[in-house]
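Spelled out from the first residue to the last, the chains are:
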Amino acid sequence: MTEDSLSGTDTVKTYRAGRLGRIVLDRPKQLNALDLTMAEGLARVLYAWRDDPGVQTVLLESATPRAFCAGGDLKALYQIIANQGAAAAQEAFSRAYKVMRVIAAYPKTTVSFLDGIAMGGGIGLGGHTRYRVVTERSVVAMPETSIGLTPDAGGSWLLSRAPGFSGLRLALTGNRMNGVGAVMTGFADRMVPSETLPDIAALLETRTAKDVFALIAPLPKVNVQELDACYDAPDIATVIRNLAERGGEEGQRDLLTLSNACPFSVVLSWEAWHRARQLKTRDAAFLQEEMLVSHLIRRADFTEGVRCRLIERDAQPAWAPATVRDVKREEIEACFQAYAT
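Residue numbers here run from 1 along each chain, matching the order of that chain's written sequence. The predicted origin of the model limits local features to residues at a pLDDT of at least 70 and limits the giving and counting of side-chain atom pairs to 80 or more, whereas totals for whole chains, interfaces and linings rest on all residues. The side-chain numbers reported here are obtained from all heavy atoms of the structure, hydrogens and water having been left aside.

**Quick look at the pattern of salt bridges**
Right, so step 1: A pair is scored as a salt bridge if a Lys or Arg side-chain nitrogen falls within 4 Å of a carboxyl oxygen belonging to Asp or Glu. Under the defined criterion, the tally for this structure stands at 22 salt bridges.
Right, so step 2: The shortest N-O distance in the salt bridge between Glu 40 and Arg 95 comes to 2.0 Å. Taken together, the residues Glu 40 in helix H1 (residues 36-50) and Arg 95 in helix H3 (residues 86-104) connect sequence positions 55 residues apart.
Right, so step 3: The network of salt bridges with common partners includes Arg 169, Glu 226, Glu 250, Arg 253 and Asp 254. Each helix is a run of H or I in the DSSP string that is no shorter than four residues. Each strand is a run of E no shorter than two, and both are numbered from the N terminus.

**Thoughts on helix H6 (residues 166-173)**
Right, so step 1: Burial runs high along H6: 8 of the 8 residues are buried.
Right, so step 2: Working definition: with a 1.4 Å probe on protein chains only, accessible area under 20% of the residue-type maximum means buried, over 50% means exposed, and in between means partly exposed. Within H6 the residues assigned to the buried category are Ser 166, Gly 167, Leu 168, Arg 169, Leu 170, Ala 171, Leu 172 and Thr 173.
Right, so step 3: Positive phi shows up at Gly 174, right after H6, with a value of about 70°.

**What about unusual backbone geometry?**
Right, so step 1: With an omega of 0°, the peptide bond between Ala 320 and Pro 321 qualifies as cis.
Right, so step 2: By secondary structure assignment, the location of Pro 321 is in the loop between helix H15 (300-311) and helix H16 (329-334).
Right, so step 3: For Leu 31, which is not glycine, the phi torsion reads 55° and is therefore positive.

**Some thoughts on the side chain of Asp 52**
Right, so step 1: Within the element layout of this structure, Asp 52 appears in the loop between H1 and strand E4 (57-62).
Right, so step 2: Side chain to side chain, Asp 52 and Arg 16 meet in a polar contact 2.6 Å long. We call two N or O atoms a polar contact when they sit within 3.5 Å, provided that within protein one can donate a hydrogen and the other can accept it, with sequence-adjacent residues counted only if both atoms are side-chain atoms.

**A word on the packing of H1 against H3**
Right, so step 1: Only the stretch in contact is used when fitting a helix axis, every axis being a line fitted to C-alpha atoms; angles between N-to-C directions are given from 0 to 180 degrees. With their axes 10 Å apart at the nearest point, H1 and H3 run at an angle of 30° to one another. With respect to H3, the element H1 is oriented roughly parallel. For the element pair H1 and H3, the recorded crossing hand is left-handed. Facing H1, whose interface residues are Leu 36, Ala 39, Glu 40, Leu 42, Ala 43, Leu 46 and Tyr 47, H3 presents Ala 92, Arg 95, Ala 96, Lys 98, Val 99, Val 102 and Ile 103.
Right, so step 2: As a working rule, the residues Ala, Val, Leu, Ile, Met, Phe, Trp, Tyr, Cys and Pro are called nonpolar, Asp, Glu, Lys and Arg charged, and the rest polar, with Gly in that last group. Its residues assigned to classes, the contact of H1 with H3 comprises 11 nonpolar, no polar and 3 charged. Angular relationships are summarised with four words: roughly parallel below 35 degrees, roughly antiparallel beyond 145, roughly perpendicular across 65 to 115, and oblique for the angles in between. Each crossing gets its hand from how the near helix is turned against the far one by less than a right angle, where anticlockwise is left-handed and clockwise is right-handed. The contact criterion used is simple: two residues touch if any of their non-hydrogen atoms lie within 4.5 Å.

**Considering the packing of aromatic side chains**
Right, so step 1: Stacked, tilted and edge-to-face pairs are distinguished by plane angle, under 30 degrees for stacked and over 60 for edge-to-face with tilted covering the rest, among Phe, Tyr and Trp rings (Trp via its six-membered ring) whose centres lie within 6.5 Å. Counted under the stated rule, the structure contains 4 aromatic pairs.
Right, so step 2: Ring geometry for Phe 93 against Tyr 97: centres 5.9 Å apart, planes inclined by 40°, an arrangement best described as tilted. Taken as a pair, Phe 93 and Tyr 97 lie in helix H3 at a separation of 4 residues, close to a single helical turn.
Right, so step 3: Taking the relative accessible area as the measure of exposure, Phe 93 reaches 9% and is therefore buried.
Right, so step 4: Residue Tyr 97 is classed as buried on the basis of its relative accessible area, which comes to 3%.
Right, so step 5: On the numbers, 4.6 Å between centres and 10° between planes, the contact of Tyr 131 with Phe 213 is stacked. With Tyr 131 in strand E8 (residues 131-134) and Phe 213 in helix H9 (residues 209-214), this residue pair connects regions lying 82 residues apart in the sequence. For the pair formed by Tyr 131 and Phe 213, the shared burial category is buried.
Right, so step 6: Only Lys NZ and Arg CZ are tested; either one counts as a charge over a ring when it is within 6 Å of the ring centre and within 35 degrees of the ring normal. Its guanidinium or amino end placed over the ring of Tyr 131, Arg 130 lies 4.3 Å from that ring's centre, counting from NZ or CZ.
Right, so step 7: Seen from the ring of Phe 264, Arg 299 lies directly overhead, with NZ or CZ sitting 3.6 Å from the centre.

**Some thoughts on the environment of Leu 215**
Right, so step 1: On the secondary structure map, Leu 215 appears in the loop between H9 and helix H10 (228-231).
Right, so step 2: For the pair formed by Leu 215 and Gly 71, sequence separation is 144 residues and the distance between their alpha carbons is 31 Å.

**Topic: the sheet that holds strand E9 (residues 139-141)**
Right, so step 1: In this analysis, strands are considered paired if DSSP registers two or more bridges between them. Across the sheet, which stays open at both edges, the 3 strands sit in the order E5-E7-E9 with parallel pairing between neighbours. The sheet is open, and its two borders are formed by strand E5 (67-69) and E9, each paired with just one other strand. Neighbour to neighbour, the strand axes of the sheet diverge by 15° on average, direction disregarded.
Right, so step 2: Relative to strand E7 (residues 117-119), E5 runs parallel, the two being bridged by 2 bridges. Paired with Cys 69 across the strands is Ala 118, a residue of E7.

**Notes on the nonpolar core**
Right, so step 1: Of all hydrophobic cores here, the largest spans 86 residues; its most connected members are Leu 34, Leu 42, Leu 125, Phe 187 and Tyr 231.
Right, so step 2: Tallying contributions element by element places H3 first for this core, with 9 residues.
Right, so step 3: Ignoring sequence-local partners within four residues, the contact set of Tyr 231 consists of Phe 165, Leu 168, Arg 169, Leu 172, Thr 173, Val 239, Leu 243, Asp 254, Leu 258 and Trp 270.
Right, so step 4: What is meant by a nonpolar core is a set of buried Ala, Val, Leu, Ile, Met, Phe, Trp, Tyr and Cys residues, joined one to another through side-chain atoms within 4.5 Å. In this structure, Leu 20, Leu 59, Tyr 131 and Ala 201 belong to the second largest nonpolar core, which totals 15 residues.

**Overview of helix H2 (residues 74-84)**
Right, so step 1: Turning to H2, its buried residues number three or more, namely Leu 74, Leu 77, Ile 80 and Ile 81. The buried side chains of H2 occupy one side of the element, clustering within an arc of 110° when seen end-on. Relative to its buried face, H2 has exposed residues pointing more than 90 degrees away, namely Ala 82 and Asn 83.
Right, so step 2: For H2, the elements touching its buried residues are H3 and H15. It is the directions from the helix axis to the C-beta atoms whose arc is reported.

Structure follows, in structure tokens:
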């Protein structure tokens, strides 16, 4: 295996062996949080290998077992908003989404090892490859409502295609999935023991990904729709009532999570999930998400969420409005229109 410097950055390492090109995310102290340097490094590699006949399969993986990618670098975005304004932050989001869309539409076979934490922007990088592998260490989630955002990075496409109303539940609560849950909801394709990942990578050097993954048995189906009856409702207020009245212990846990989430984000994510179910393509979902985020990053809730969850960590967000009952329908509808500068 030979290393090259295609990415032009220390946080994205690249290696080649046989027919396989390996992209290794290497920002361990930040759990591979995606910033613009990493995004642009990924883009350079992907564009270079797209037309390279020697690379037949591209593997995305991490240098640390703790995380594939914990999401976007929200602290950096917080500083961009503080120093340059929301428009600059929107541009940063757009550039990150562009790389994710390149991965989703890549003409060569792509594989991702979603070992460790894979959340938010990490799903944008690894959740749209042709073969997505999780392990016993995987922790998968779209936790955006906890910080004043909505599931993005193509996550709304995956959530809207999950069985029953399980994707809606995940979108609203940001609940974490283990490897089994990720496979059952369509966020991953195969689950393997983490110690076998090097062996799978070695096989990909000489064999097609199709042949390699044919050797790995799929998981037996398990139920991931325990609270479907509660989430199958005409609005979020009815969901909350259903969870309280007949959701049992799981429902009580969801209620606690929802009570700490951003009310505006919860209501918006409810609407976005239902609209995403009607979209025909993943690219359309990316475009809808980008439109929603362009509005949300201009709301005080986003900077408040990042401050509360990631910077000061006081666990006392001051959301505005403070409850889902106070969210105005016209403000939700406005988010589905291009932001007026």
